[in-house]
Amino acid sequence: MRSVEEQLALVTAAAVAPRPVRVAISEAQGLLCAEEVVAERPLPSFDQAAIDGYAVRSVDVRPDGPGDRGGDAPDGPVALPLVGQITAGSRQPIRLQPGQTVRVDTGAPLPTLADAVLPVGWAAPDGRQIVPTRTVRTGDYVRRIGDDVQPGDVAVRAGSIIGPAQVGLLASVGRAKVLVHPKPRMSVISVGDELVDVDGRPGTGQVYDVNSYALTAAGRDAGADVHRVGIASTEPSRLREVLEGQLVRSELVVVSGAAGGEATTRIRQVMAELGQIEVNRVAMHPGSVQGFGRLGRDEVPTFLLPSNPVSALVVFEIMVRPLIRIALGKRQPMRRTVRARTVAPISSVEGRRGYLRGQLMRDTDTGEYLVRALGGAQGSSTHLLASLAEANCLVVIDPGVTAVRAGDEVDVMFLAQRG
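Please read these numbers as outputs of a predicted model, since none were measured by experiment. (Residues numbered from 1 in each chain as written. Predicted model: local features only at pLDDT ≥ 70, side-chain atom pairs only at ≥ 80, totals over all residues. Heavy atoms only, no water.)

Quick look at helix 3 (residues 211-222)
Residue pairs three or four apart in sequence face the same way in an α-helix, which turns once every 3.6 residues.
Inference 1: Between its terminal C-alpha atoms helix 3 stretches 16 Å, which fits the 16 Å expected from 12 residues at 1.5 Å a residue.
Inference 2: Listed in full, the buried residues belonging to helix 3 are N211, S212, A214, L215, T216, A218, G219 and A222.
Inference 3: Against the buried residues of helix 3 lie strand 14 (185-191), strand 17 (225-232), strand 18 (252-256), strand 22 (300-305) and helix 6 (309-327). (Helix = DSSP H or I, 4+ residues; strand = E, 2+ residues; numbered from the N terminus. Expected span 1.5 Å × (residues − 1). Buried < 20%, exposed > 50% of the residue type's maximum accessible area, 1.4 Å probe, protein only. Contact = heavy atoms within 4.5 Å.)

Next comes the structure, spelled out in structure tokens:
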């Protein structure tokens, strides 16, 4: 029986990131930047007002300015003639003369000689002039040329995740497209003569195809670009045709169903014709029996997962998801893990690492993590899909532990947040 670490090392060694592609910045969110984006122009490219107000020479409203008014604000009715207005986007140059002011909107270019903006609330309008009620210093409420980015600065670094701020920076430096690591393309196939699609009605001995839908969702959650093939025939020639088609279009293929038992033989024979595939027992539960190999001309990483939905999702979480995250260029491909104290006993299978669904909570007084297992308690089943839907974590039990007492500490792996 292969350990989880051995199987995971085998899987992650096969990770290959898709070649970088250039996409519109509107399509780049969530992807990894594959180039150093260097600014060619300063940002902002001109001195501009950072607030609605009045462009002034600070010396004209300083206590020690003309008239030496003293104090925190000018004394007496010292008025500045209002000689114009500049709106955001204006291209009309205006030169400010000593003792004058111009009304400016946020983002408007400052007139020549202005070195500060007096906020609207700091001045009393008086016809075609204003009376400052407070003072400003040079540079107050002004965004200077290059305050954000200077020419030659790296606006977005290679290896950084492109989020809303990065998209904004790309737009601000005039980049319409950016080189990114694209999402790996993943195909999901279900096999099994017992399967019926969700728009059908199962007959005797038949069940709905849960896995192709659940694994497609899990793949998208991990960051892959997923194509759900659905149910494929187990007839060898037809199954081979489906697999060959997906191997051409994908960087990753997931096949669920019949990872153990007689039905495995037919599927493995077809896969063996397309490359190397191994079906082994891995020292974990649920999902001990699983397959992995590299198929097709491009040696595409291909997984064979159990038919049981819970087992398939757990194996996907532990084995497939890290491969997707590595292909995306993520520095931390594994889920975050914390230590938590159990609130009830948990049982596990001897000799296998347990990945049991659980609900993670936090003590509001101490900040300590607490966890309640939804599977793995005495007499419970590890194959109930409903309890997996309620879980927000996986409780990780070491292979040498068969029983965890209430109050013991265990490792807990975060799942996707709900709500």
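Concerning empty space enclosed by the protein
Inference 1: Counted under the stated rule, the structure contains one cavity of 30 Å³ or more.
Inference 2: Counted as a void, the largest cavity has a volume near 50 Å³.
Inference 3: Forming the walls of the largest cavity are A14, A15, V16, P184, E251, L252, P301, L323, I324 and A327.
Inference 4: In terms of residue count, helix 6 provides more of the lining of the largest cavity than any other element does, three residues in total.
Inference 5: Split into classes, the residues belonging to the lining of the largest cavity amount to nine nonpolar, no polar and one charged. (1 Å grid on protein atoms, 1.4 Å probe; cavity = no way out; pocket = protein on both sides within 12 Å on 5 of 7 lines; lining within 4 Å. Points joined across faces, edges and corners; volume = space filled by probe spheres on them. Nonpolar A, V, L, I, M, F, W, Y, C, P; charged D, E, K, R; others polar.)

Things to note about the pairing of strand 13 (residues 177-181)
Inference 1: Where strand 1 (residues 21-24) lies against strand 13, four bridges are found, and the strand directions are antiparallel. Counterpart to A24 in the pairing with strand 13 is K177.
Inference 2: Taken together, the two bridges between strand 2 (residues 32-33) and strand 13 define a ladder with antiparallel strand orientation. Note that in strand 13 the partner of C33 across the bridge is V180. (Pairing = 2+ DSSP bridges.)

Let's talk about the sheet that holds strand 8 (residues 116-119)
Inference 1: Judged by pairing direction, the sheet is mixed, and its six strands sit side by side in the order 8-5-7-6-10-9 without closing on themselves. Both outer strands of the open sheet, strand 8 and strand 9 (123-126), are each paired with one neighbouring strand and no more. The average angle at which neighbouring strand axes cross in this sheet is 40 degrees, direction not considered.
Inference 2: Across three bridges, the pairing between strand 6 (residues 80-86) and strand 7 (residues 101-104) is parallel. Note that in strand 7 the partner of Q85 across the bridge is R103. (Axes fitted to C-alpha atoms, helices over the stretch in contact; angles between N-to-C directions.)

Quick look at the environment of S237
Inference 1: As for its placement among the helices and strands, S237 is situated in helix 4 (residues 236-249).
Inference 2: Residue class for S237 comes out partly exposed when judged on its relative accessible area of 47%.
Inference 3: In the structure, S237 is positioned 13 residues away from S250 in sequence and 20 Å away in space, judged by C-alpha atoms.
Inference 4: Side chain to side chain, S237 and E235 meet in a polar contact 2.5 Å long. (Polar contact = N/O pair within 3.5 Å; in protein donor to acceptor, adjacent residues only side chain to side chain.)

Remarks on the nonpolar core
Inference 1: One finds M186, M284, F303, I318, M319, I324 and Y355 to be the most contacted residues of the largest nonpolar core, which totals 37 residues.
Inference 2: Elements supplying a minimum of two residues to this core: helix 1 (4-12), strand 14, helix 3, strand 18, strand 22, helix 6 and strand 27 (393-397).
Inference 3: The residues touching M186, leaving out its near neighbours within four places in the chain, are L215, G219, A224, D225, V226, H227, S250, L252, V254, F316 and I324.
Inference 4: The next biggest cluster of nonpolar side chains, apart from the first, holds 18 residues, and it includes L239, L247, V253 and L304. (Core = buried A, V, L, I, M, F, W, Y, C linked by side-chain atoms within 4.5 Å.)

Digging into the packing of helix 3 against helix 6
Inference 1: The contact between helix 3 and helix 6 brings their axes to 10 Å, and the two run at 30 degrees. Judged by the angle between their axes, helix 3 and helix 6 are roughly parallel. Seen along the crossing, helix 3 lies across helix 6 with a hand that is right-handed. Judged by residue contacts, N211, A214, L215, A218, G219, D221 and A222 of helix 3 engage P309, A312, L313, F316, R321, I324 and R325 from helix 6. (Parallel < 35°, antiparallel > 145°, perpendicular 65-115°, else oblique. Left-handed = near helix turned anticlockwise from the far one by under 90°.)

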